[in-house]
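A look at the structure
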Amino acid sequence: QVQLVESGGGLVQAGGSLRLSCAASGRTFSSYYMGWFRQAPGKEREFVAAISRSGSNTWSADSVKGRFTISRDSAKNTVYLQMNSLKPEDTAVYHCAARSSIGYSYTPNGYNYWGQGTQVTVSS
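Attention here is on the structure that accompanies the text. Every value quoted in this text rests on a predicted model; they were computed, and no experiment measured them.

Side note on the state of the cysteines
- The final tally for this structure, using the stated rule, is 1 disulfide.
- Two residues, cysteine 22 and cysteine 96, share a disulfide whose sulfurs are 1.9 Å apart. Between cysteine 22 and cysteine 96, the disulfide has an S-S torsion of 45° and is therefore right-handed. Of this pair, cysteine 22 sits in strand β3 (residues 18-24) while cysteine 96 sits in strand β9 (residues 92-99), placing them 74 residues apart in sequence.

Written as structure tokens, this is what we have:
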């Protein structure tokens, strides 16, 4: 089992940047594919980005390509989401998630463990 704790959210102006962190407990962090999802009020949770166990492969939603970058540091048991050129429509609660199965998934049901989330608000 793994526990996930996100941090780094906040209020930022459009065009600004934030870096989210997700710290994982346990010694099996490297065995999980990791993902970031977001959920805005009244909307379904949507895929943002995912990263393979080794970190050599990443995937991201079209809406954030070229602006957001996912990475991981196995020594620190942490996955990051660097968010640049933020837009008001990026406002949401951002959750990290861990997936024990092989291969990445862009659906929430594909992940086994979730963090509580961190709020990101982008003002215009």
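A few points about the side chain of aspartate 90
- Here aspartate 90 shows up in the loop between β8 (78-83) and β9.
- Looking at aspartate 90, the relative accessible area reads 1%, which means it is buried.
- For aspartate 90, the side chain forms a polar contact with the main-chain nitrogen of lysine 87, separated by 2.8 Å.
- The residues contacting aspartate 90, other than those within four sequence positions of it, are Arg38, Arg67, Phe68, Ser85, Val120 and Val122.

Thoughts on the packing of aromatic side chains
- Taken as a whole and judged by the stated rule, the model has 8 aromatic pairs.
- With a centroid separation of 6.0 Å and an interplanar angle of 80°, the aromatic rings of tyrosine 32 and tyrosine 113 are classed as edge-to-face. Linking tyrosine 32 in the loop between β3 and β4 (33-39) with tyrosine 113 in strand β10 (residues 113-114), this pair joins segments that are 81 residues apart in sequence.
- Taking the relative accessible area as the measure of exposure, tyrosine 32 reaches 7% and is therefore buried.
- Tyrosine 113 sits in the partly exposed class, given a relative accessible area of 23%.
- Judged by centre distance (6.1 Å) and plane angle (50°), the ring pair of phenylalanine 47 and tyrosine 104 falls under tilted. Here phenylalanine 47 is found in strand β5 (residues 46-51), whereas its partner tyrosine 104 is found in the loop between β9 and β10, with 57 residues between them in sequence.
- Relative accessible area serves as the criterion here: at 13%, phenylalanine 47 is assigned to the buried category.
- Taking the relative accessible area as the measure of exposure, tyrosine 104 reaches 32% and is therefore partly exposed.
- Positioned over the ring face of tryptophan 114 is arginine 45, at 4.7 Å from the centre of the ring.

The rules we used
- Residues numbered from 1 in each chain as written.
- Predicted model: local features only at pLDDT ≥ 70, side-chain atom pairs only at ≥ 80, totals over all residues.
- Heavy atoms only, no water.
- Disulfide = S-S within 2.5 Å.
- Helix = DSSP H or I, 4+ residues; strand = E, 2+ residues; numbered from the N terminus.
- Buried < 20%, exposed > 50% of the residue type's maximum accessible area, 1.4 Å probe, protein only.
- Polar contact = N/O pair within 3.5 Å; in protein donor to acceptor, adjacent residues only side chain to side chain.
- Contact = heavy atoms within 4.5 Å.
- Phe/Tyr/Trp six-rings, centres within 6.5 Å; stacked < 30°, edge-to-face > 60°.
- Lys NZ or Arg CZ within 6 Å of the ring centre and 35° of its normal.

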